[in-house]
Amino acid sequence: MRVLIAGGGTGGHLFPGFAIARSLRRIRTDAEISWLGGTRGLEASLVPAAGFPLALLPARSLRVSHGGPLAAVRDALLLIASLPAAIAHVRRVRPDVLVSTGGYIAIPAIVAATLTRTPSLIWEGNVIPGRSNTLVARFATARAVAWSATRTRAPWNGDRTSVTGTPIRELGAVDRAAARRALSVEEGERLLLVFGGSQRVRRFEAALDTALVDLLASWRVLHIVGDDDGGAAARSAALPAPLRQRYRTERFLDGGKMEEALVAADALLGRAGASTVAEA
């Protein structure tokens, strides 16, 4: 069984794909799973680290670019250029099914599956579906949604749509006490996990800059900073020496470490993405 997962750009589109892939591996040990992603996202580093072959399309975004009109035109052209690349990759891999978890990659991926007559499944995690998914949902062989309210909206209404909820990482097997010890959280201490998904969140950083000294008096803070450290190094250096070891920063947590952090934490400060909310 060959499965091609298309998704990325942000954690909200990448992490459900990981949950689906791991579930498939448990159910079908013979499953050959590969990945199709874009150039603007986490997949280039996280997907190969998770053991999945990865192909990247030139697409960057579907959003109006903050780089101005020229950047917006560039991104539109890259999205168009991704379609023949996606078709060529689907023909090369010849998957039994293409699974899209949304984001701008859904457009070339689902269109490529349609043109090559490859069965496809598209998943939508928001009550109000994203633009990319809505644009191509009508072409997918099957559709899955996290919320029943989504199924009342065209083109999501109809027999081809099922309400499945949000795929999440396996958390039940994580031992909380062991996870807290691994993060140096001592008995009686509280741990705050700060996680902005794949995106830098300046409001989180501003809040930490204002409150961190007072917060660290009674809490430990684990801050997942992503590609850009968000000033974490300077923030740590500005702390009084006794508090620095209570503020820990990580670029990403993989290999099961994010699951441990979620279970170990007493509170989570995060963006309200579908996957983050579901896992919390």
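None of the values given here were measured: they were computed from a predicted structure.

## A short note on the pairing of strand β8 (residues 190-195)
With 5 of 6 residues buried, β8 lies mostly within the body of the structure. Alignment of β8 against strand β9 (residues 219-224), held across 6 bridges, turns out to be parallel. Looking at β9, one finds that L192 is bridged to V221. Sheet analysis places β8 next to strand β11 (residues 267-270), joined by 4 bridges and oriented parallel. The residue bridging F195 from the neighbouring strand is G270, located in β11.

## Focus: the nonpolar core
Ranked by size, the top nonpolar core spans 34 residues in total, and within it L14, F18, I33, W35, L193 and L222 carry the most contacts. Of all the elements, helix α1 (residues 11-27) adds the most residues to this core, at 6 residues. Every residue in contact with F18, bar those within four places of it in the chain, is listed here: W35, L46, V47, A50 and F52. Core analysis: the second largest hydrophobic core is formed by 25 residues, L79, A86, I122 and A140 among them.

## Here we look at the side chain of S82
Inspection of the secondary structure assignment puts S82 in helix α3 (residues 69-93). The residues contacting S82, other than those within four sequence positions of it, are L57, P58, A59 and P108.

## A word on the sheet that holds strand β7 (residues 161-163)
Each strand in a sheet pairs with its neighbour through backbone hydrogen bonds, running either in the same direction (parallel) or in the opposite one (antiparallel). Pairing in this open sheet of 7 strands is parallel, and the strands run β3-β2-β1-β4-β5-β6-β7 from one edge to the other. On the outer flanks of this sheet lie β3 (54-57) and β7, each paired with one strand and no other. Taking each pair of neighbouring strands and ignoring which way they run, the sheet shows an average axis angle of 20°. Where strand β1 (residues 2-6) and strand β4 (residues 97-100) come together, 4 bridges link them in parallel fashion.

Rules used throughout
- Residues numbered from 1 in each chain as written.
- Predicted model: local features only at pLDDT ≥ 70, side-chain atom pairs only at ≥ 80, totals over all residues.
- Heavy atoms only, no water.
- Buried < 20%, exposed > 50% of the residue type's maximum accessible area, 1.4 Å probe, protein only.
- Helix = DSSP H or I, 4+ residues; strand = E, 2+ residues; numbered from the N terminus.
- Pairing = 2+ DSSP bridges.
- Core = buried A, V, L, I, M, F, W, Y, C linked by side-chain atoms within 4.5 Å.
- Contact = heavy atoms within 4.5 Å.
- Axes fitted to C-alpha atoms, helices over the stretch in contact; angles between N-to-C directions.

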